[in-house]
Amino acid sequence: FNCNSFTNDVVGFLTGNSIPDFIKDRPTDFLSTPFGAALRPTIDAMYRRPSPSAPTPPVPAPVPATAATSAAAQAAPNPQLAAQLLQAFASQAGSSPALANTASQSLTAPVHAITNPPAFNTFIKNHRAAVAFFTSTTCGPCRTIEPTFERLAEEKGVKADGRGAGFAKIDIDVGMGNALASQWNVRATPTFIFFLDGQKLDELKGANANELRTQVDLLLFQAFPPHPHSSLSLPAVQALSLNPILFSQVPVIDTVLSKLSTFIDSATWPTSTTPTPSQVKQSLTTVVAPYLKSRFSSPPPSKPPSATPAVLASWSQATTALSSILPVESLFPLVDLWRLALLDPAVGSWAATAPAPSNPITIFIDKATTTLQQTNSTSNPRNYLLTTLRLLSNTFATPLLSQT
């Protein structure tokens, strides 16, 4: 219980609504940090309710006036002492990971503490499936079943996809909890009430952990029934492979380069173009070809080499020049070489982060899109388009590239 939960109770009492979750959860967020986890035992000790059997603490003896004055002087704000305390708490949190994890898990568990009827009505309205745990301070079985309830809240709580149940804890001795218990005819604790679409579905009395888990599973089954097709026996469909279809055929590298060199020699190159045709061909024959031959040799090597940044930079520069000068129907040998290279995870990872102007995949897609939009084109880009489709299929060889 804190100022935020008090404000939430007041808002619920006056308006029937609640404060935003990002405000209501701020104390939880703080206590989930290492520093907050270190302070948690101290805070619990300050606010823990005394056990009925615990002895009454002795009343402190009166403090003389002079001693009180001295104590007040010593209790004056001391920034240096405060900084030392903060540092000590931080050090304790960093050196006690188990303590931090335990506090974080217990604090971030999806259990809603509810103390008034309006907040409870909002809770069951906002959750398709909801479980309400009515407890009390002096209830021994409640303390026994509470760890099971919290574990169920962590396991069966609302997930990112919206499936799951909401879990609420109502202490009938706190706030308007007694009125809330009367509203739902709760006469003993622990009592669990299960709601579906805001309507009471079932009720469980007593600390029966197995029955509680069964009832929660039944509630979730009714709230989120499995798709009827999931119960069908479809071995042929289940046997289908989900692996991507890749074009891994290895052409004769020298033949592909010879064809590409013929296109380079027949093209008209501007005098100011960099790199020059001879530099492009040298890059392809002395840098790209050795890499492809060593990686895709027959038989395959036990540890195939990966493309280095130097190889990719030189090849990318040559690709940018060729794509700006050669006609689209003459680019399919170059596309085919990149199609093969994309089977290398190093090339796929590089292509996933390479900037668009020098990224071969972006260049080839733009060329294909422009070609398809030209209705009066006299060229025959069929080979280029088919090879580009095969290249795009090979992008699924690298998960990082397939997700971009």
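In this text the structure is predicted, and so the values were computed from the model without any measurement. (Residues numbered from 1 in each chain as written. Predicted model: local features only at pLDDT ≥ 70, side-chain atom pairs only at ≥ 80, totals over all residues. Heavy atoms only, no water.)

(A) Summary view of helix α19 (residues 382-394). Relative to the 18 Å expected for 13 residues at 1.5 Å per residue, α19 spans 19 Å between its end C-alpha atoms, a close match to the ideal helical length. Taken residue by residue, α19 has Tyr384, Thr387, Thr388, Leu391 and Asn394 as its buried positions. For α19, the buried positions fall inside an angular range of 115 degrees around the axis, keeping them on one side. For α19, the exposed residues lying more than 90 degrees away from the buried face are Arg382 and Leu389. (Helix = DSSP H or I, 4+ residues; strand = E, 2+ residues; numbered from the N terminus. Expected span 1.5 Å × (residues − 1). Buried < 20%, exposed > 50% of the residue type's maximum accessible area, 1.4 Å probe, protein only. Arc of directions from axis to C-beta.)

(B) Quick look at the packing of aromatic side chains. Overall, the coordinates contain 12 aromatic pairs when judged by the stated rule. Judged by centre distance (6.3 Å) and plane angle (55 degrees), the ring pair of Phe120 and Phe134 falls under tilted. Taken together, the residues Phe120 in helix α8 (residues 117-126) and Phe134 in strand β2 (residues 129-135) connect sequence positions 14 residues apart. The same class applies to Phe120 and to Phe134, which are both buried. An aromatic cluster of at least three residues, connected via ring pairs, comprises Phe120, Phe123, Phe134, Trp184 and Phe195. For Arg295, the ring lying beneath its charged end belongs to Phe296, and the centroid distance is 5.8 Å. (Phe/Tyr/Trp six-rings, centres within 6.5 Å; stacked < 30°, edge-to-face > 60°. Lys NZ or Arg CZ within 6 Å of the ring centre and 35° of its normal.)

(C) Structural context of the state of the cysteines. Under the defined criterion, the tally for this structure stands at 1 disulfide. Between the sulfur atoms of Cys139 and its disulfide partner Cys142 the distance amounts to 2.3 Å. Here the S-S torsion is close to 80 degrees, and the disulfide linking Cys139 with Cys142 is therefore right-handed. This pair shows no difference in class: Cys139 is buried, exactly as Cys142 is. (Disulfide = S-S within 2.5 Å.)

(D) Representation of the pairing of strand β3 (residues 166-171). Where burial is concerned, most of β3 is hidden: 5 out of the 6 residues are buried. When strand β1 (residues 111-113) meets β3, the two strands line up parallel, connected through 3 bridges. Bridge assignment links Ala113 to a residue of β3, and that residue is Lys169. Sheet topology note: the β2/β3 ladder contains 6 bridges and is parallel. Looking across to β3, one finds that Val131 is bridged to Phe167. Between the parallel elements β2 and β3, the chain passes through helix α9 (residues 140-156) in a crossover that is right-handed. (Pairing = 2+ DSSP bridges. Right-handed = clockwise from strand over helix to strand, strands pointing away.)

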